[in-house]
Amino acid sequence: MIKRNKFILIVLFLSAIVRLIGLGLYPRGLSLSEVKLFFLTPFLVKLPFFALGIISLYLFYLFLIKFTANKKVSLIATIILSLTPWHFELSRVYSLAMPFLTLFLLVLNARNFQKILIFLLSILGIVYFISIFSFSDKLRTKVDAQRLNVSLISPPIATEIFVNKLTVSFQEKLNTLSDGLDWGMYFFNGHPREKWGVEETQKFFAATLIFIIIGFFLADKKKIVLMIEIFCFFLLLSGIFGKYDQHLLLGTGIVFSFFASLAFLFLWEDKKRRPLLFILSIFYIFELIYYGNLYFKNLGESRFSPRREIYLDITEKVKELRKDNERVVVNSRLIDPEPFFRFYLKDNFLDGFEFREFNIWRENLKDGLFVDVLPDDPGPSEPLYKLATGEIDVIDILFSQKDQGKNQTVYLYRYQ
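Residues numbered from 1 in each chain as written. Predicted model: local features only at pLDDT ≥ 70, side-chain atom pairs only at ≥ 80, totals over all residues. Heavy atoms only, no water.

**Q** Any chance you could explain the packing of helix α6 (residues 97-108) against helix α13 (residues 221-241) here in plain terms?
**A** Describing two packed helices takes the angle between their axes plus the distance from one axis to the other. Two elements in contact, α6 and α13, have axes separated by 13 Å at closest approach and are oriented at 145°. The handedness of the crossing between α6 and α13 is right-handed. Of α13, the residues touching α6 (which contributes Phe-100, Leu-101, Phe-104 and Leu-108) are Ile-230, Phe-233, Phe-234, Leu-237 and Phe-241. Tallied by class, residues from the contact of α6 with α13 come to nine nonpolar, no polar and no charged. (Axes fitted to C-alpha atoms, helices over the stretch in contact; angles between N-to-C directions. Helix = DSSP H or I, 4+ residues; strand = E, 2+ residues; numbered from the N terminus. Left-handed = near helix turned anticlockwise from the far one by under 90°. Contact = heavy atoms within 4.5 Å. Nonpolar A, V, L, I, M, F, W, Y, C, P; charged D, E, K, R; others polar.)

What follows is the structure in structure tokens.
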């Protein structure tokens, strides 16, 4: 058994080694969801997702062995999936996508997986339809604002007919599905249709697209139908959860990796076609090296990343600068500071900490260490408005750092 599976074991071993490099260090910083897990270290926070990533690769291999009865296709597809930026990244951070992918692959390895898949698709379709009629407070506010604008130029009856919660909800759900059908989102990081406010991460290498197209025309009808069903499953799943959970589309990697493996094997088996394989492989390797260089230099993070890198430095500086039992006041405008401070500094260090919104000029007690913020484009009402011009001389700035993702600068200071 071990001898028969030695190649997949090598692939899994190498995939594990690569994913373990700097686990907990890259990407730099943790998200709010990660620090709320309250594990001891960033490494332990991410370890379960690393394990699921490796398990999902093995389950993918087993599924293709059963579905195609072709060990070469199964092995190549698993290698391709393991090298995709999306699978690699989501094996190293907190994400619902990796548990969903692993559970889905368990289903695909069941005896009657095709019947189960059709059943799940039906359930998701019903849930998706029902979700159109679920109106959140945010959607209601949006509809009220649109009605107010339309009412200025249209009669009231037109406002009620053409601007309502149902049509707006339907449009939003439809837009989510269209995001999942946007091929640029999968193969071109930072493409022209980038959605404002949505984390933009590299998903698949652009060179893979040519392999996928070739592989699609090589597959038989039965396999194409199944892959379309798998794609629709993750499309609906993402549509139900909304556009800010696009990582749930990770499962499309099953489809893309399968088709790409068919093309790779097709080009390899005929010596006349190997030059094309060689050229495509050069582009693929170039993208792989370029991506790896950016990732391990922490230069590939989106400005909309949920990871708050700034808390690494802020908490370390607070620990360094705080005097014995000194009072520390942290402005809640940093965005959810308490869970991050508790994670990095641990509870026994937080005696004397206060987490609240404050104005330094209105504080009755001005003794202690203050952690405060100044927006990038401040108005005169901002407490630290004159800080940049040097007009404030009663504050001793001890440390400052730009919080790029939140468009603000964080200051550590004492009142003199």
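**Q** What should I look at first to understand the nonpolar core in this one?
**A** Side chains of a nonpolar character, in soluble globular proteins, are inclined to be buried together. Membership of the largest hydrophobic core comes to 70 residues, with the highest contact counts inside it found for Tyr-186, Ile-230, Ile-254 and Phe-259. Of all hydrophobic cores here, the second largest spans 23 residues; its members include Val-328, Leu-334, Phe-399 and Val-410. (Core = buried A, V, L, I, M, F, W, Y, C linked by side-chain atoms within 4.5 Å. Buried < 20%, exposed > 50% of the residue type's maximum accessible area, 1.4 Å probe, protein only.)

**Q** Honestly, a nonpolar patch on the surface in this entry has me stumped. Any pointers?
**A** Residues Leu-20, Leu-37, Phe-39, Leu-40, Phe-43, Leu-44, Tyr-94 and Leu-96 make up a contiguous nonpolar surface patch of roughly 660 Å² in combined accessible area. Inspection of the secondary structure puts Leu-96 in the loop between α5 (85-90) and α6. (Patch = residues over 30% accessible without salt bridge, like charges linked within 9 Å, V, L, I, M, F, W, Y side chains within 5 Å. Areas by Shrake-Rupley, 256 points an atom, 1.4 Å probe, with all protein chains shown as cover. Salt bridge = Lys/Arg side-chain N within 4 Å of Asp/Glu carboxyl O.)

**Q** What exactly am I supposed to notice about the packing of aromatic side chains here?
**A** One pass over the structure, following the stated rule, counts 42 aromatic pairs. A centroid spacing of 5.5 Å and a plane angle of 10° characterise the contact between Phe-63 and Phe-67, whose relative ring orientation is stacked. Of this pair, Phe-63 and Phe-67 both sit in helix α3 (residues 42-68), four residues apart, roughly one helical turn. The buried category is assigned to Phe-63, whose relative accessible area is 0%. Residues Phe-204 and Phe-256 carry aromatic rings whose centres are separated by 5.1 Å and whose planes lie at 80° to one another, so their mutual orientation is edge-to-face. Of this pair, Phe-204 sits in the loop between α11 (183-187) and α12 (207-218) while Phe-256 sits in helix α14 (residues 252-269), and the two are 52 residues apart along the sequence. The exposure class assigned to Phe-204 is buried, which follows from its relative accessible area of 2%. Ring-pair connections join several aromatic residues into one group, and the members of that group are Tyr-26, Phe-88, Phe-205, Tyr-284, Tyr-291, Tyr-295 and Phe-296. One cation-aromatic arrangement involves Arg-274 over Trp-268; the distance from NZ or CZ to the ring centre is 4.0 Å. Across the ring face of Tyr-415, the terminal group of Lys-366 is positioned such that the distance to the ring centre comes to 5.5 Å. (Phe/Tyr/Trp six-rings, centres within 6.5 Å; stacked < 30°, edge-to-face > 60°. Lys NZ or Arg CZ within 6 Å of the ring centre and 35° of its normal.)

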